[in-house]
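# Close look at the chain arrangement
Each chain is listed here by its residues.
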Amino acid sequence: MSRHDTTPWASLSRRALRVALAVAFCLFACMPAAAFADDGDGEDDSNLINPQQRPDSSFIYDSSIIDLSNADSYYDKQTVQITGEAVGDIIDARDGMVWVTLVEASNSSNASVSVLMTRESASHIDTLGRYGTTGTMLQVRGVFHLACPEDQGLSDVHATSVAVAAKGSHHVEEFRPEAFAAGAALTVVGFALMGLFRYLRERQR
């Protein structure tokens with residue numbers, strides 16, 4: 001057989017080889033990472049996920065309470081994760097659930113959000129924020145509802161995971177005399193003017 005007769009077969013073989021390599025590369029690239037994981041019973045405990053771990057900014061669901069208070073339809077029914085101070089009171093909801101109000105952890109605004117959680121999750125709250133008290137800081141993961149149909153259109157988060165980020169604390173406001181200086185000075189001036197007015201009125205009689 002001449003060289004001219006074998007050329008088409010050689011070209012066809014090269015094409016088939018290239019196609020086979022391309023298919024193999026695609027299959028390898030699309031193979032899930034879990035396929036390489038060790039499924040044995042001797043799993044390293046140090047490699048397990050810690051549910052108490054604080055999130056970093058790479059988590060797509062990490063949000064702030066300010067974001068939720070100004071949320072639009074984009075956030076509706078999205079999984080979010082927020083951190084905030086538990087304040088006010090724990091209010092009974094339904095089916096063993098309770099309402100807890102969280103305020104922005106940075107204290108830079110008055111933004112707040114209502115969180116529906118189990119009573120067991122709420123039991124981890126040691127203090128509720130109010131005057132003289134810093135409430136327990138909670139890290140909550142759950143589904144945000146812009147207008148929840150189950151709760152009369154309330155904007156809320158239905159918690160699926162609740163963890164304590166920091167315990168609450170009680171603190172006594174320090175007495176600061178200088179804070180009353182301006183008020184005391186105005187009181188003295190007021191009494192002086194009142195005395196002067198009475199003196200001038202007596203002279204006119």
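Computed from a predicted model, the values in this text were never measured in an experiment.

The rules behind the values
Residues numbered from 1 in each chain as written. Predicted model: local features only at pLDDT ≥ 70, side-chain atom pairs only at ≥ 80, totals over all residues. Heavy atoms only, no water. Salt bridge = Lys/Arg side-chain N within 4 Å of Asp/Glu carboxyl O. Pairing = 2+ DSSP bridges. Helix = DSSP H or I, 4+ residues; strand = E, 2+ residues; numbered from the N terminus. Axes fitted to C-alpha atoms, helices over the stretch in contact; angles between N-to-C directions.

## Regarding the pattern of salt bridges
A side chain with one charge can pair with a side chain of the opposite charge if their charged atoms come near. If you walk through the whole model with that rule in mind, you get five salt bridges. Across the salt bridge formed by Asp-76 and Lys-77, the nearest N and O atoms sit 3.4 Å from each other. Within this structure, Arg-94, Glu-150 and Asp-151 form a network of salt bridges that share partners.

## Quick notes on the pairing of strand E5 (residues 137-148)
Two elements, strand E1 (residues 79-92) and E5, share seven bridges in a ladder whose sense is antiparallel. Note that in E5 the partner of Ile-82 across the bridge is Val-140.

## Quick word on the sheet that holds strand E2 (residues 97-104)
Strand order in this closed barrel of five strands is E1-E2-E3-E6-E5, and the pairing throughout is mixed. Sheet twist, expressed as the mean angle between neighbouring strand axes with direction ignored, is 55°. In the sheet, strand E3 (residues 112-118) pairs with strand E6 (residues 154-166) via three bridges, with the strands oriented parallel. Looking across to E6, one finds that Ser-114 is bridged to Asp-156.

## Some details on unusual backbone geometry
Of note, Asp-95 is a non-glycine position whose phi angle comes to about 50°, a positive value. Mapped onto the secondary structure, Asp-95 falls in the loop between E1 and E2. Even without being glycine, Gln-152 reaches a positive phi, approximately 55°. Take Gln-152: it is sitting in the loop between E5 and E6.

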